[in-house]
Amino acid sequence: TPKGSCLESVKIAIDTGYRHIDGAFVYYNEHEVGQAIREKIAEGRIKREDIFYCGKLWNTCHPPELVRPTLEKTLKILQLDYVDLYIIELPMAFKPGDAIYPKDENGKIIYHETDLCATWEAMEACKDAGLAKSIGVSNFNRRQLEMILNKPGLKYKPVSNQVECHPYFTQPKLLEFCRQHDIVIVGYSPLGTSRDETWVNVSSPPLLKDPVLNAIGKKYNKTAAQVALRFSIQRGVVVIPKSFNPQRIRENFQIFDFSLTEKEMKEIEALNKNVRYVELLM
Ligand code: A2P
């Protein structure tokens, strides 16, 4: 994010009423997020406990002995005492070190063998130490979730799994599995991403141009973006829309004054293409 834009956007978001902030060390703006939260607390607009901050453990930090120091680094950058949720960002581990994407001489990512269950135990210890109120995962499939859920001596289940989820990628099977296990699905790219070709599969069409979403929006005097977000929350999926535009930040919050009918929900569900925008090819 351009320098400073995150600070301003988070402050506008908090003023608008947003409380859940999805962050990560690898977004390189946690210092701005922390500053925005602290400024809003100082203004008396919110208390720390009103905010729900989610931080993420990056791939180079999976070895269990790195987990707590990595979270402590995030807390230091945020200048906060705890995160509300700490999640394993991806199920695959990269070679530990300063490089976020460690590569060999051929430009290939250097992976690292770790035991996800051992990483999870270190996450549990962070919760016990009060550094994270809750712990979860991200980009985990059913098999990876089962590995944690079936771990002998499991102390805490993942409370959530953050995955791509929107009308073109509705994740029906994973959603059902997570429902059965009381794991909340947090849907990223709920608006179909920024379509940045460096990391987005742009061969899948733009979500917000979809005729069905636009037609339904017209009926309620809402935009396709608002319909997409409403669809997700109505099926119990948490949404984390991203915007650095004040008007769109506010627009994305105006989704609590209308509801979609069952027929409209079915129509939108039928848009599923089972194609990811975020392929995570690494
Ligand atoms: P901008 O920051 O200029 O608003 P996602 O949340 O799926 O990752 O999508 C983020 C992208 O969608 C960003 O490019 C953002 O751009 C854009 N965006 C966010 N809110 C809206 C909206 N209400 N209408 C159209 N585009 C939006």
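If you're wondering where the values come from, they're calculated on a predicted model, not measured in any experiment.

### Focus: the packing of aromatic side chains
Stage number 1. With the rule as written, the count across this model stands at 8 aromatic pairs.
Stage number 2. With a centroid separation of 4.8 Å and 45° between ring planes, the pair formed by Tyr 18 and Phe 253 is classed as tilted. Here Phe 253 lies in the loop between helix 9 (246-251) and helix 10 (262-269) and Tyr 18 lies in the loop between helix 1 (5-16) and strand 1 (20-22), a separation of 235 residues in the sequence.
Stage number 3. Residue Tyr 18 is classed as buried on the basis of its relative accessible area of 15%.

### Describing helix 1
Stage number 1. For helix 1, spanning 12 residues, the distance from its first C-alpha to its last is 16 Å, which sits close to the expected 16 Å at 1.5 Å a residue.
Stage number 2. Of all the 12 residues making up helix 1, 10 are buried; the element is thus mostly covered by neighbouring parts of the structure.
Stage number 3. Buried residues of helix 1: Ser 5, Cys 6, Leu 7, Ser 9, Val 10, Lys 11, Ile 12, Ala 13, Ile 14 and Thr 16, and no others.
Stage number 4. Residues of helix 1 that are buried sit in contact with strand 1, helix 2 (30-42) and helix 9.
Stage number 5. Once helix 1 ends, the next one or two residues include Gly 17, with phi positive near 130°.

### Focus: the packing of helix 8 (residues 224-234) against helix 10
Stage number 1. It is the contact of helix 8 with helix 10, at a shortest axis distance of 11 Å, that shows an interaxial angle of 105°. As the angle between them shows, helix 8 and helix 10 are arranged roughly perpendicular. Across the interface between the two elements, Val 227, Phe 231 and Gln 234 from helix 8 touch Met 265, Ile 268 and Glu 269 from helix 10.
Stage number 2. For the contact of helix 8 with helix 10, the residue count by class is 4 nonpolar, 1 polar and 1 charged.

### A closer look at the site of the ligand
Stage number 1. Around the ligand lies a shell of 16 residues, among which Leu 191, Ser 243, Phe 244, Arg 248 and Asn 252 are the nearest.
Stage number 2. In the model, an oxygen atom of the ligand is placed 2.9 Å from a nitrogen or oxygen of the Lys 242 main chain.
Stage number 3. Here Arg 248 contributes a side-chain N or O atom positioned 2.6 Å from an oxygen atom of the ligand.
Stage number 4. Taken by itself the ligand offers 570 Å² of open surface, and the protein chains cover 79% of this.
Stage number 5. Of the residues assigned to the shell around the ligand, the class counts are 6 nonpolar, 7 polar and 3 charged.

### As for the environment of Glu 251
Stage number 1. Summarising the element assignment, Glu 251 is placed in helix 9.
Stage number 2. C-alpha separation for the pair Glu 251 and Pro 190, spaced 61 residues apart in sequence, amounts to 14 Å.

### Observations regarding the environment of Ser 204
Stage number 1. By the element assignment, Ser 204 lies in the loop between strand 6 (184-188) and helix 7 (211-220).
Stage number 2. Distance from Ser 204 to Lys 273, taken between C-alpha atoms, is 8.7 Å for residues 69 residues apart in sequence.
Stage number 3. With near-sequence residues (within four places) excluded, Ser 204 lies in contact with Arg 195, Lys 273, Val 275 and Tyr 277.

### Some details on the packing of helix 7 against helix 8
Stage number 1. Contact geometry for helix 7 and helix 8: axes closest at 8 Å, N-to-C directions at 95°. Our classification of the angle between helix 7 and helix 8 gives roughly perpendicular. Where helix 7 approaches helix 8, its residues Leu 213, Asn 214, Ile 216 and Gly 217 are matched on the opposing element by Ala 224, Val 227 and Ala 228.
Stage number 2. Residues of the contact of helix 7 with helix 8, tallied by class, amount to 5 nonpolar, 2 polar and no charged.

### Let's talk about the UniProt feature "domain: NADP-dependent oxidoreductase" (unreviewed entry) in the protein chain
Stage number 1. Mapped onto this numbering, the UniProt entry gives "domain: NADP-dependent oxidoreductase" (unreviewed entry) at residues 7-272.
Stage number 2. Overall, residues 7-272 shows 39% helix and 13% strand. The separation of its end C-alpha atoms is 35 Å.

### Notes on the pairing of strand 2 (residues 52-57)
Stage number 1. Taken across its 6 residues, strand 2 has 5 buried, putting it largely inside the fold.
Stage number 2. Across 3 bridges, strand 1 lies against strand 2 in parallel orientation. Opposite His 20, over in strand 2, you have Phe 52 as the bridge partner.
Stage number 3. The parallel pair strand 1 and strand 2, bridged by helix 2, forms a crossover whose chirality is right-handed.
Stage number 4. When strand 2 meets strand 3 (residues 83-88), the two strands line up parallel, connected through 4 bridges. Within the sheet, the bridge partner assigned to Lys 56 lies in strand 3 and is Ile 87.

### Description of the UniProt feature "site: Lowers pKa of active site Tyr" (unreviewed entry) in the protein chain
Stage number 1. Taking the UniProt record as the reference, the feature "site: Lowers pKa of active site Tyr" (unreviewed entry) is found at Lys 56.
Stage number 2. A distance of 2.9 Å separates the side chain of Lys 56 from the backbone oxygen of Gly 23, its partner in a polar contact.

### Structural notes on the sheet that holds strand 2
Stage number 1. If you walk across this open sheet you meet the 7 strands as 1-2-3-4-5-6-7, and the pairing is parallel. Of all strands in the sheet, those with a lone pairing partner are strand 1 and strand 7 (238-239), marking the two edges.
Stage number 2. Along the sheet, helix 2 contacts strand 1 and strand 2; its crossing angle with strand 2, the most-contacted strand, is approximately 165°.

Procedures and definitions
- As a convention, each chain's residues are numbered from 1 in the sequence order in which they are written.
- The model is predicted, so local features are restricted to residues of pLDDT at least 70 and side-chain atom pairs to those at 80 or more, both for listing and for counting; the totals for chains, interfaces and linings are taken over all residues.
- In computing side-chain values, all of the structure's heavy atoms are included and hydrogens and water are not.
- Aromatic contacts are taken between Phe, Tyr and Trp rings whose centres are within 6.5 Å, Trp giving its six-membered ring; a plane angle under 30 degrees counts as stacked, one over 60 as edge-to-face, and the others as tilted.
- Numbered from the N terminus, helices here are DSSP runs of H or I no shorter than four residues, and strands are runs of E no shorter than two.
- Exposure is judged per residue with a 1.4 Å probe applied to protein chains only, and the accessible area is read against the type maximum: over 50% gives exposed, under 20% gives buried, and values in between give partly exposed.
- Between the first and last residue of a helix there are one fewer steps than residues, each counted as 1.5 Å, and that sum is the expected span.
- Between two residues, a contact is recorded if the distance between any of their heavy atoms is within 4.5 Å.
- Note on geometry: axes are C-alpha line fits, over the in-contact stretch for helices, and angles between N-to-C directions span 0 to 180 degrees.
- These descriptions rest on fixed angle ranges, namely under 35 degrees for roughly parallel, over 145 for roughly antiparallel, 65 to 115 for roughly perpendicular, and the rest for oblique.
- Polar here means any residue other than Ala, Val, Leu, Ile, Met, Phe, Trp, Tyr, Cys and Pro, which are nonpolar, and Asp, Glu, Lys and Arg, which are charged; Gly is therefore polar.
- Throughout this document, a residue counts as near a molecule or strand when at least one of its heavy atoms sits within 4 Å of that molecule or strand.
- Residues adjacent in sequence count toward polar contacts only when both atoms are side-chain atoms; beyond that, a polar contact is any pair of N or O atoms within 3.5 Å, and within protein one must be able to donate a hydrogen and the other to accept it.
- Using a 1.4 Å probe, the Shrake-Rupley method yields the accessible areas, and only the shown protein chains count as cover for residues.
- UniProt positions are given in the numbering used here, feature names are shortened, and annotations may be inferred rather than shown by experiment.
- At least two bridges found by DSSP between two strands are what make those strands a pair.
- If the strands point away from the viewer and the path from the first strand over the helix to the second runs clockwise, then the crossover is right-handed.

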